[in-house]
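# Survey of secondary and tertiary structure
Chain by chain, the residues:
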Amino acid sequence: MSQPRAFVSRMMHPDAIAVIGEATDMEVWPDDPPPSAEQLRAKLADAEGVLINIMDRVDTALLDAAPNLRVISQLAAGLDNVDVAECTRRGILLGSTPGILSKAVADHAFALLLSAARRVVESDKWVRGNNWELAFHPNYWLGNEVQSSTLGIVGLGQIGLEVARRAQGFDMRVLYHSRNRRPEAEAQLGLTYASLDELLSQSDYVSLHCPLTPETRHLINADALRKMKSTAILVNISRGPVVDTDALCQALREGWIGGAGLDVVDPEPIPDDHPLLFMDNVTITPHIGSASVLSRRAMSIMAAQNLVNGLSGQRLVHCANPELYERLGI
Ligand code: NAP
């Protein structure tokens, strides 16, 4: 019996490739450079399933070029690169991998927070420049305390909660802002709900964990940045466009805030002459929040399972448009 055709847009963990290979007639893109939008459209001409990541854009042009597509499996939690409504309209199941990556992302949020607070990247460069002799000067290399400071979490979902848990270990006071209050989390973790303005003005660290939506695009704009403390550090590990990059550059240059730890930027990849790359008070990593060995293996297997389940008429491990189940009779 012939198997459904599936295209995988990046090489992944071999255990995940094995899951897909067993159940489908699979083609895997042989890695660098990743497929362009045009190449992806060509690969999907006869595919019934595809496994993508956040750098692949699923828009009407792609869906038009993929008339047989029944399942899209995204190796990520966020889905801002995908036209979810259009997939649902066309009856295409959409899988993603939230939850299993939350701990790894929260660890990385804290790595950025600590790095920016204690000037880790900046001082590392200085050591490599042969400047060690001034290191223990009483007035040099002073950074911000983390313990007993105030952390503001914007978007208290699965990752935001993990960040709040880590903050307990640093005796931080934690404020959070989401559209809905989380009374059980407030009680369990001692969190305090705040309006966005209150959170921005009171926090020593502001960490962003909301999805990118029309509502959150440029949520952190010039007005928001001006409300933050001049010593505060902004951590963005959500999506680049949640922050207005031009306003952030101005804020960092003019001292409206103290620094930033960024795992995501707008645009990605960041151009090599971008002003953020020349600022000492900025730590940047290349969108690697979920990139721990354990997390990436678990994500890959979950994404593979989503793809295979959907192609064999079963419910996905995590489905972003479960309203389709009834329509598709599964
Ligand atoms: P989640 O569990 O859905 O949590 C997102 C939270 O954001 C929700 O609790 C939601 O609460 C809140 N939210 C939504 N709109 C908001 C708004 N306008 N203002 C304030 N809060 C808002 O998602 P997650 O798994 O924690 O992931 C969050 C995001 O992290 C993803 O969407 C993705 O963009 C990003 N991410 C990045 C990486 C990385 O490698 N850098 C990895 C994984 C995920 P309410 O509905 O109550 O507002």
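Residues numbered from 1 in each chain as written. Predicted model: local features only at pLDDT ≥ 70, side-chain atom pairs only at ≥ 80, totals over all residues. Heavy atoms only, no water.

## Re the pairing of strand 9 (residues 205–208)
- Side chains of strand 9 alternate between two faces, with Tyr205 and Ser207 and Val206 and Leu208 buried alike.
- Inspection of the sheet shows strand 6 (residues 150–154) paired to strand 9 by four bridges, in the parallel sense. For Ile153, the partnering residue across the bridge sits in strand 9 and is Ser207.
- Pairing analysis gives four bridges linking strand 9 to strand 10 (residues 233–236), with the strands arranged parallel. When the bridges of strand 10 are listed, Tyr205 appears paired with Ile233.
- Between the parallel pair strand 9 and strand 10, the chain is carried across by helix 10 (residues 222–227), and the sense of this crossover is right-handed. (Buried < 20%, exposed > 50% of the residue type's maximum accessible area, 1.4 Å probe, protein only. Helix = DSSP H or I, 4+ residues; strand = E, 2+ residues; numbered from the N terminus. Pairing = 2+ DSSP bridges. Right-handed = clockwise from strand over helix to strand, strands pointing away.)

## Structural notes on the packing of helix 5 (residues 102–117) against helix 7 (residues 158–169)
- In the contact formed by helix 5 and helix 7, the axes pass within 8 Å of each other and the chain directions differ by 55 degrees. With respect to helix 7, the element helix 5 is oriented oblique. Of the two possible hands of crossing, helix 5 and helix 7 adopt the one that is right-handed. Listed contacts from helix 7 to Ser102, Lys103, Val105, Ala106, Asp107, Ala109 and Phe110 of helix 5 are Gln158, Ile159, Glu162, Val163, Arg166 and Ala167.
- Broken down by class, the residue content of the contact of helix 5 with helix 7 amounts to seven nonpolar, two polar and four charged. (Axes fitted to C-alpha atoms, helices over the stretch in contact; angles between N-to-C directions. Parallel < 35°, antiparallel > 145°, perpendicular 65-115°, else oblique. Left-handed = near helix turned anticlockwise from the far one by under 90°. Contact = heavy atoms within 4.5 Å. Nonpolar A, V, L, I, M, F, W, Y, C, P; charged D, E, K, R; others polar.)

## Section: the sheet that holds strand 8 (residues 192–193)
- The strand order 8-7-6-9-10-11-12 describes an open sheet built from seven strands, whose pairing is parallel. The sheet terminates laterally at strand 8 and strand 12 (282–284), the two strands that pair on one side only.

## Quick word on the packing of aromatic side chains
- Under the defined criterion, the tally for this structure stands at four aromatic pairs.
- Ring plane angle 65 degrees and centroid distance 5.1 Å describe the contact between Trp126 and Trp141, whose orientation is recorded as edge-to-face. Of this pair, Trp126 sits in helix 6 (residues 120–128) while Trp141 sits in the loop between helix 6 and strand 6; the two residues are 15 residues apart in sequence, bridging distant segments of the chain.
- Overall, the relative accessible area of 22% leaves Trp126 in the partly exposed class.
- Directly above the aromatic system of Trp256 lies the positively charged group of Arg226, at a separation of 3.8 Å from the ring centroid. (Phe/Tyr/Trp six-rings, centres within 6.5 Å; stacked < 30°, edge-to-face > 60°. Lys NZ or Arg CZ within 6 Å of the ring centre and 35° of its normal.)

## Points about the layout of surface pockets
- Within this model, the second largest pocket holds a volume of roughly 330 Å³.
- The wall of the second largest pocket is formed by 16 residues, among which Ile54, Arg57, Asp80, Pro241 and Glu268 lie closest to the centre.
- Among the residues making up the lining of the second largest pocket, the classes are represented as six nonpolar, three polar and seven charged. (1 Å grid on protein atoms, 1.4 Å probe; cavity = no way out; pocket = protein on both sides within 12 Å on 5 of 7 lines; lining within 4 Å. Points joined across faces, edges and corners; volume = space filled by probe spheres on them.)

## Let's talk about the site of the ligand
- With respect to spatial proximity, 26 residues lie near the ligand, and among them Gln158, Ile159, Arg179, Asn180 and Asp263 are the closest.
- Between the ligand and Glu215 there is a distance of 3.4 Å, counted from a nitrogen atom to a side-chain nitrogen or oxygen.
- Gly289 is positioned such that a nitrogen or oxygen atom in its backbone is 3.3 Å from an oxygen atom of the ligand.
- In isolation the ligand has 920 Å² of accessible area, and contact with the protein removes 87% of it.
- Among the residues forming the shell around the ligand, the class breakdown is nine nonpolar, 13 polar and four charged. (Near = heavy atom within 4 Å. Polar contact = N/O pair within 3.5 Å; in protein donor to acceptor, adjacent residues only side chain to side chain. Areas by Shrake-Rupley, 256 points an atom, 1.4 Å probe, with all protein chains shown as cover.)

## Points about the pattern of salt bridges
- This model, assessed by the stated rule, comprises 22 salt bridges.
- Put simply, Asp25 and Arg5 hold a salt bridge, and the shortest N to O gap is 3.1 Å. Residue Asp25 is located in strand 2 (residues 25–28), and its partner Arg5 is located in strand 1 (residues 5–8); the two are separated by 20 residues in the primary sequence.
- For Arg5, a relative accessible area of 28% translates into the label partly exposed.
- Between Asp64 and Arg90 there is a salt bridge, with the nearest N and O atoms lying 2.8 Å from each other. With Asp64 in helix 3 (residues 60–64) and Arg90 in the loop between helix 4 (84–89) and strand 5 (93–95), the pair connects residues that are 26 residues apart, well separated along the chain.
- You can call Asp64 exposed: its relative accessible area is 52%.
- Overall, Arg90 belongs to the partly exposed group, its relative accessible area being 29%. (Salt bridge = Lys/Arg side-chain N within 4 Å of Asp/Glu carboxyl O.)

## A closer look at the side chain of Thr283
- Following the sequence through the fold, Thr283 ends up in strand 12.
- Overall, Thr283 belongs to the buried group, its relative accessible area being 10%.
- Ignoring any residue separated from it by four or fewer positions in sequence, one finds Thr283 in contact with Leu112, Ser115, Ala116, Val121, Ala260, Gly261 and Leu262.

These values are about where atoms sit, not about what they do.
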